Amino acid sequence: MSKFEYANAPESSAILNLQSRYQLFINGKFVAPKSGKYFKSINPATAKELAEFAYANNSDIDLAVKSARTALTKVWSKLPAAERGKYLFRIARILQERAREFAVAETLDNGKPIRESRDTDIPLAAQHFFYHGGWADKLDFVVKNPKPYGVVAQIIPWNFPLLMLAWKIAPALATGNTVVLKPAETTPLTAMLFAQVCQQAGLPDGVVNIITGDGATGANLVKHPGVNKIAFTGSTEVGKAIARSIADSDKVATLELGGKAANIVFNDAAIDETVEGIVNGIFFNQGHVCCAGSRLLVQEDIANELVLKLQRRVSLIRVGDPMDKNTDMGAINSAAQLQKINELVESGNKEGAQMWQSDCKLPTNGYWFAPTIFTGVSQSHRIAREEIFGPVLSVLTFRTPQEAIEKANNTQYGLSAGVWSDKGSKIMWTAKHLKAGVIWANTFNKFDAASPFGGYKESGWGREGGKHGLLAYLKAGK
Ligand code: NAP
Ligand code: MG
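Residues numbered from 1 in each chain as written. Chains lettered and ligands numbered in written order. Predicted model: local features only at pLDDT ≥ 70, side-chain atom pairs only at ≥ 80, totals over all residues. Heavy atoms only, no water.

The tally for this structure, following the rule as stated, stands at 14 aromatic pairs. Measuring from ring centre to ring centre gives 6.2 Å for F39 and F53, while their planes differ by 35 degrees; the resulting arrangement is tilted. One end of the pair, F39, is in strand 4 (residues 38–43); the other, F53, is in strand 5 (residues 48–54), with 14 residues separating them in the sequence. For F53, a relative accessible area of 1% translates into the label buried. Ring centres 5.2 Å apart and planes at 65 degrees place the aromatic pair W167 and F453 in the edge-to-face group. (Phe/Tyr/Trp six-rings, centres within 6.5 Å; stacked < 30°, edge-to-face > 60°. Helix = DSSP H or I, 4+ residues; strand = E, 2+ residues; numbered from the N terminus. Buried < 20%, exposed > 50% of the residue type's maximum accessible area, 1.4 Å probe, protein only.)

What follows is the structure in structure tokens.
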């Protein structure tokens, strides 16, 4: 099939005033770390250094937690709720005003296409602040006599850096908590730009503190005795470690963890639309999506036709420079993640599944992986059980709706699922039997601040977004 060639349409990075070094954001100021140490974040599309970030050790963590406590008792808890809401609205508007700069920063640090950071990550981050700003003075509708937990430690992953920050900080502030947030080691840039936004919005000092570092920084933050609640998004493995580490304390936690979503296609589904939905479900954000539709379950009698159409569509995905506005799929976030993808793909080949890969040309520098589809996958294969967190789809087949449900639920995870059918009754029946927190019908990867998101089983505890997400930051008062 001939491929249509586009001219390059690169976004300019001139709007971003990139500093060579970023400090910690504690008590409303940018401060050098007590550790005296810095680490680098790279642009994964080039493997070149972007900037240096401060490494927070225990003394830095202590300062950040104390500053959040002082801000809580002296300022934040004394403000009328409607005043708290005004700060969230201000932050939302500044995010919109600086949207282009944030999109460029996110794409450079993370490797995702500018089209996605521009059209998804940044607008949704602003939406979360608008949405939660509206709730700040209406919390009595969520729970009787609402009270915040106090100081919240928030730890986020690298796949949607600013969006995950917004999912964490917006509800915490709306409910009257103060925050110490640690972004992921490979994507701290937009969190530091967000710290500038807090200053710009005149947010009282210490209400939001942002400390950069690695996994040890996160673990030590969780252990700090001044923290009342943990809100974590990341891997199931680290989520379990956090649950263990707070087991003998009175800290509470919400954990948003991994997933291995089943995307179920019945033989009466509109096939071309379904192909688009499958592509969006697994190749959006290079497949670095906790709720990615990574297990495609297809009714046996349409499997051949569907897979052929899928391969034809996937071979048209443009992989390359994330700053190019025509790019569909960008770089893998880090060398470590690329290695993990390679290892699991190798296991798929060894265990006997059949691999197909797009013949797209990959750039030579940086970290890349071609869109990949495995057919002939069985439930015991590692590629059907483990989270690959990359652009790799595993295709399994089923004959009856009951078999589809059994296969879909045969996983340790339960974050999301998709159902494709022409029949509303079949969709409702399937959704009723799926053990997944979010189920999309004839669509995939739709997000809204008003809609709760979260998992069953090893996909986590608690919900983010909507009224349910607010509950996670409130205790009922006496
Ligand atoms: P990760 O390794 O668990 O890291 C997540 C965050 O935790 C990072 O900031 C990390 O710091 C930090 N961390 C690492 N070890 C820690 C420890 N022992 N104690 C406290 N914090 C620690 O996960 P990831 O590889 O960045 O992200 C991918 C995972 O996130 C996938 O499993 C994905 O499914 C999940 N995810 C879930 C959701 C959801 O809403 N359910 C959303 C997005 C992603 P460093 O970066 O410095 O290591
Ligand atoms: Mg980076």
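There's plenty left to go through after this.
With that settled, consider the domain arrangement of the protein chain. According to the domain assignment, the protein chain consists of domain 1 (21–257 + 459–476) and domain 2 (262–449). The centre of domain 1, based on its C-alpha atoms, is set 30 Å off from the matching centre of domain 2. Between domain 1 and domain 2, the residue contacts involve 34 residues of the former and 31 residues of the latter. Between domain 1 and domain 2, a total of about 2600 Å² is buried, with carbon and sulfur atoms accounting for 59% of that surface. With a closest N to O distance of 2.7 Å, D328 and R115 form a salt bridge. The set of elements that each furnish at least two residues to the side of domain 1 that touches domain 2 consists of helix 3 (99–110) and helix 4 (114–135). (Domains from an automatic or database assignment. Contact = heavy atoms within 4.5 Å. Buried area = accessible area lost by both parts, 1.4 Å probe. Salt bridge = Lys/Arg side-chain N within 4 Å of Asp/Glu carboxyl O.)

A few words on the nonpolar core. Counting residues in hydrophobic clusters, the biggest one holds 100 residues, and the most contacted among them are F129, F194 and I210. When residues in this core are grouped by element, the largest group, eleven residues, is from helix 5 (residues 161–174). For this core, the domains that each give at least three residues are domain 1 (21–257 + 459–476) and domain 2 (262–449). Excluding anything up to four places from it in sequence, F194 contacts I91, L95, F102, F129, L162, L165, I169, V208 and I210. Within the second largest apolar cluster, 28 residues are counted, among which are L297, F369, A417 and I427. (Core = buried A, V, L, I, M, F, W, Y, C linked by side-chain atoms within 4.5 Å.)

Another aspect to go through is the coordination of the magnesium ion (ligand 2). Taken together, S41 (OG), I42 (O), D109 (O), D109 (OD) and T186 (O) make up the full set of protein donors to the magnesium ion (ligand 2), lying 2.2 to 2.5 Å away. Sequence spacing of the donors to the magnesium ion (ligand 2): S-I-x66-D-x76-T. S41 sits in the buried class, given a relative accessible area of 1%. Here I42 falls in the partly exposed class, since its relative accessible area comes to 26%. (Donors = N, O, S within 2.8 Å, 3.2 Å for Na, K, Ca; no water.)

Residue N27 is not a glycine yet carries a positive backbone phi of 55 degrees. When you line up the elements, N27 lands in the loop between strand 2 (24–26) and strand 3 (29–31). Taking the relative accessible area as the measure of exposure, N27 reaches 35% and is therefore partly exposed. Despite not being glycine, K457 has its phi angle at roughly 50 degrees, a positive value. With respect to the helices and strands, K457 occurs in the loop between strand 18 (438–441) and strand 19 (460–461).

With that settled, the discussion passes to the packing of helix 3 against helix 6 (residues 189–200). Axis separation between helix 3 and helix 6 bottoms out at 8 Å; the angle between their running directions is 155 degrees. Here helix 6 runs roughly antiparallel to helix 3, going by the angle between their axes. Residue-level contacts link E101, F102, A105, E106 and D109 of helix 3 to L189, T190, L193, F194 and V197 of helix 6. Here the residues of the contact of helix 3 with helix 6 sort into six nonpolar, one polar and three charged. (Axes fitted to C-alpha atoms, helices over the stretch in contact; angles between N-to-C directions. Parallel < 35°, antiparallel > 145°, perpendicular 65-115°, else oblique. Nonpolar A, V, L, I, M, F, W, Y, C, P; charged D, E, K, R; others polar.)

Here we take up the site of ligand 1. In the vicinity of ligand 1 lie 28 residues, with I156, S235, L257, C290 and E387 positioned nearest. One nitrogen or oxygen atom from the side chain of W158 is found 3.0 Å from an oxygen atom belonging to ligand 1. In the model, an oxygen atom of ligand 1 is placed 3.1 Å from a nitrogen or oxygen of the K182 side chain. Contact with the protein chains covers 87% of the free accessible surface of ligand 1, which is 910 Å². The cavity where ligand 1 resides is the largest pocket. A per-element tally of the shell around ligand 1 places helix 7 (residues 215–223) first, with three residues. The class makeup of the residues in the shell around ligand 1 is 15 nonpolar, eight polar and five charged. (Near = heavy atom within 4 Å. Polar contact = N/O pair within 3.5 Å; in protein donor to acceptor, adjacent residues only side chain to side chain. Areas by Shrake-Rupley, 256 points an atom, 1.4 Å probe, with all protein chains shown as cover. 1 Å grid on protein atoms, 1.4 Å probe; cavity = no way out; pocket = protein on both sides within 12 Å on 5 of 7 lines; lining within 4 Å. Sits in = over half its atoms within 2 Å of the grid points.)

Turning next to the layout of surface pockets. When its volume is computed, the largest pocket comes out at roughly 1100 Å³. Lining the largest pocket are 42 residues; nearest its centre among them are W158, F232, G234, S235 and V238. Within the residue set of the lining of the largest pocket, elements represented by two or more residues are helix 7, strand 10 (229–233), helix 8 (236–245) and helix 11 (335–350). A per-element tally of the lining of the largest pocket places helix 8 first, with six residues. Looking at the lining of the largest pocket residue by residue, the classes come out as 18 nonpolar, 14 polar and ten charged. Per-domain counts for the lining of the largest pocket show at least three residues from each of domain 1 (21–257 + 459–476) and domain 2 (262–449). (Points joined across faces, edges and corners; volume = space filled by probe spheres on them.)

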